[in-house]
Amino acid sequence: MKSFINGNRLSIESFTPQVLLLLIVVLMVLVAWSLASGPIELSLIQSLFSVWDRVWGSDLSSLQQFEQVVVWDLRLPRTILALMVGALLAQCGAVMQGIFRNPLADPGIIGVASGAALGAAIAIVVLPVSIQWFTVPVSSFVGGLITTWLVYGLAKNESGTSVVILLLAGVAISAFGGAIIGFLTYIADDQSLRDLSLWQMGSLASASGWDLLLSGVILLTVMVLFQKQAQALNALLLGESEARHLGIEVEKLKQRFIIITAVGVGIAVSVSGVIGFVGLVVPHLVRMLVGPDHRVLLPLSALLGAALLLLADLGARTWMSPAEMPVGLVTAGLGAPFFMALLFQRRKSLI
Amino acid sequence: MSEILTIKGLSVSVGSKELLNIEQLTASAGEFIALLGANGAGKTTLFKSITGEMRADVQNSEPVSFHRKGINQWSSIELARHMAVLPQASQLTFPFTVKEVVALGLIPLSASKQEGIRLIEDAMLKTDTTQFSERIYTQLSGGERQRVHLARVLVQLSQAEEKPLLLLDEPTSAQDLGQQHQILKLAQTLCHEKGWTVIAILHDLNQAIRYCDQVWLLEQGRLMSEGAPEAVLTEDRIDQVWGYRPSILRSATGQTVLT
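Bear in mind that the values here come from a model prediction, so they are computed numbers and not experimental data. (Residues numbered from 1 in each chain as written. Chains lettered and ligands numbered in written order. Predicted model: local features only at pLDDT ≥ 70, side-chain atom pairs only at ≥ 80, totals over all residues.)

## A look at the overall build of chain B
Across its full length, chain B holds nine helices and 12 strands. Here the C-alpha radius of gyration of chain B, 18 Å, is about what a compact globule of 259 residues would show, namely 18 Å. Taken along the three principal axes of its C-alpha coordinates, chain B extends 55 × 50 × 35 Å. Here chain B holds 259 residues, and the buried ones make up 42% of them. Sequence-distant contacts in chain B: of pairs separated by 6 or more residues, those separated by 24 or more amount to 65%. (Helix = DSSP H or I, 4+ residues; strand = E, 2+ residues; numbered from the N terminus. Rg over C-alpha atoms; globule rule 2.2 N^0.38 Å. Buried ≥ 20, exposed ≤ 12 C-beta atoms within 10 Å, placed from the backbone. Contact = placed C-beta atoms within 7 Å.)

Now the structure itself:
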């Protein structure tokens, strides 16, 4: 239990191949389960065949037309969006912990997600509806970027970043974001109010083709860029001067990472609202299993993040079926106790 | 001996306070140099000026040149392959294994996997860290961690095409007596047998006398004296710098000892 909480490794042995294999199997099972579950009951086999039929034009599932639509137009996009948002959030969390040299940094906790949400909310309420497909993600990214710079500038010190300032900055920014969003709710017209409140709940239900395309492209880009710099991020964990002495151009590297994480978090927030704690919990678990080497940590975090968010979304849609909970509630319900356990363990070293 | 580091007209200030002002100083290949001075004399500032981390007051001139090339003209990777710094303490808080930390020294190199493993093992053997190669870095003592970083910087310099320069920031501060001597002995061997240049910030003057070829003595940001340890470390100068007057003895083997 001790090693579980203080972020140490379970063993110096790296379980990378086993973890990879397990995650792939778990992901496949979860995807099948996600396609099959919902208010309309379909068997696992039928739902899988239904996707197969649609792709290859065959007729193996023998489902009715409306059932086909449910699987293809509702459950499949939602499943894919959950996978991609989960992967994005987990990777951005892992990288943020690396640049902040602090395993407690999480886009939700330190206020970056709130900043992105504020950006998105401004675009939803103030800017014209016709160009929202573009303005919401961009504005969300800008909000996330400004917040990351601000928090980093505030919390930076000799040995990394101050946990206390990180958390307080998170509180302040979330409060500020909440106030402005409240104000926007107050001045919004009926249509924007509906859009805003729907989006705010943090849901994966309304996945449009554009959302999928956008998050898919961003996820791929982010993963490739992160992977290229993974070794440099390892060096940065030693400290900034040490990294510089190893030939890393530290300022450039940090700027690049801050911008990429802001893009990742911004897009995730703009398509699905604020979904907290995935970026905290996932890298933590992966680090315990395989150690902190980012070359391995980043791809495995993407896989586990995808699996975890899909599982959380399954919980959110099936627990009170046919009603649904926002998935953000589920991740917060699981993640917040985890976070408190981390704080409890570190309470002596924090002040 | 060939000159590898030349410092000429270096001055560094923060605001109106002058931290460092050095007219001329050179280091040659194969020299083990002790950098001495009281706290706040400018030792760390000098290190940071040598690595290019701290900018000199006059931007356009190049007060520090390494292998006849201005320090800011070096590409960051090439410089990393030829100049390394052992930090006094590092703030690594993530649970890397010791071997993984040493392997970070490979970052600026171009080594095959086998070559990398060989370099790592070799460096760990030299620094007496092999026995804890599989342990978690964050669980080591301060002295053990410092030796792990020493192994890391040895790996980093292992492919230098020109004679490398190694800067040690208080390499013995966290070590027990036996390890202190082993580390200094290792530095001396690197200098005398492989032609490396090592500059070490030390606090024990006897260690400087026993192991180093040269002493640079700083006093309030200026070079007070440089030369062979026994010539530089006179009673008067020690009294002036540290405010303590030692007695200088000569041991039976001809070694100078300060008490």
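Here the narrative resumes, following the displayed structure.
## What to know about the packing of helix α2 (residues 16-36) of chain A against helix α4 (residues 65-99) of chain A
To describe two helices that pack against each other, one gives the angle between their axes and the distance between the axes. Residue and element names in this part refer to chain A. Interaxial distance between α2 and α4 falls to 9 Å at its minimum, and their mutual angle equals 145°. When the axes of α2 and α4 are compared, the crossing they make is right-handed. Packed against α2, whose contacting residues are Val31, Ser34 and Leu35, the element α4 presents Val71, Arg75, Leu76 and Thr79 at the interface. When the residues that make up the contact of α2 with α4 are grouped by side-chain class, the tally is four nonpolar, two polar and one charged. (Axes fitted to C-alpha atoms, helices over the stretch in contact; angles between N-to-C directions. Left-handed = near helix turned anticlockwise from the far one by under 90°. Nonpolar A, V, L, I, M, F, W, Y, C, P; charged D, E, K, R; others polar.)

## What to know about the pairing of strand β9 (residues 214-219) of chain B
Residues and elements named next belong to chain B. Burial runs high along β9: five of the six residues are buried. The pairing of β9 with strand β10 (residues 222-227) spans five bridges and is antiparallel. Bridging from a neighbouring strand, Val215 pairs with Gly227 of β10. (Pairing = 2+ DSSP bridges.)

## Some remarks on the packing of helix α3 (residues 44-56) of chain A against α4(A)
Residues and elements named next belong to chain A. Two elements in contact, α3 and α4, have axes whose closest approach is 9 Å; the angle formed by their N-to-C orientations is 90°. In terms of orientation, α3 lies roughly perpendicular with respect to α4. Taken together, the residues of α4 that come into contact with α3 (itself represented by Ser47, Ser50, Val51 and Arg54) are Gln68, Val71, Trp72 and Leu76. Within the contact of α3 with α4, the residues separate by chemical class into four nonpolar, three polar and one charged. (Parallel < 35°, antiparallel > 145°, perpendicular 65-115°, else oblique.)

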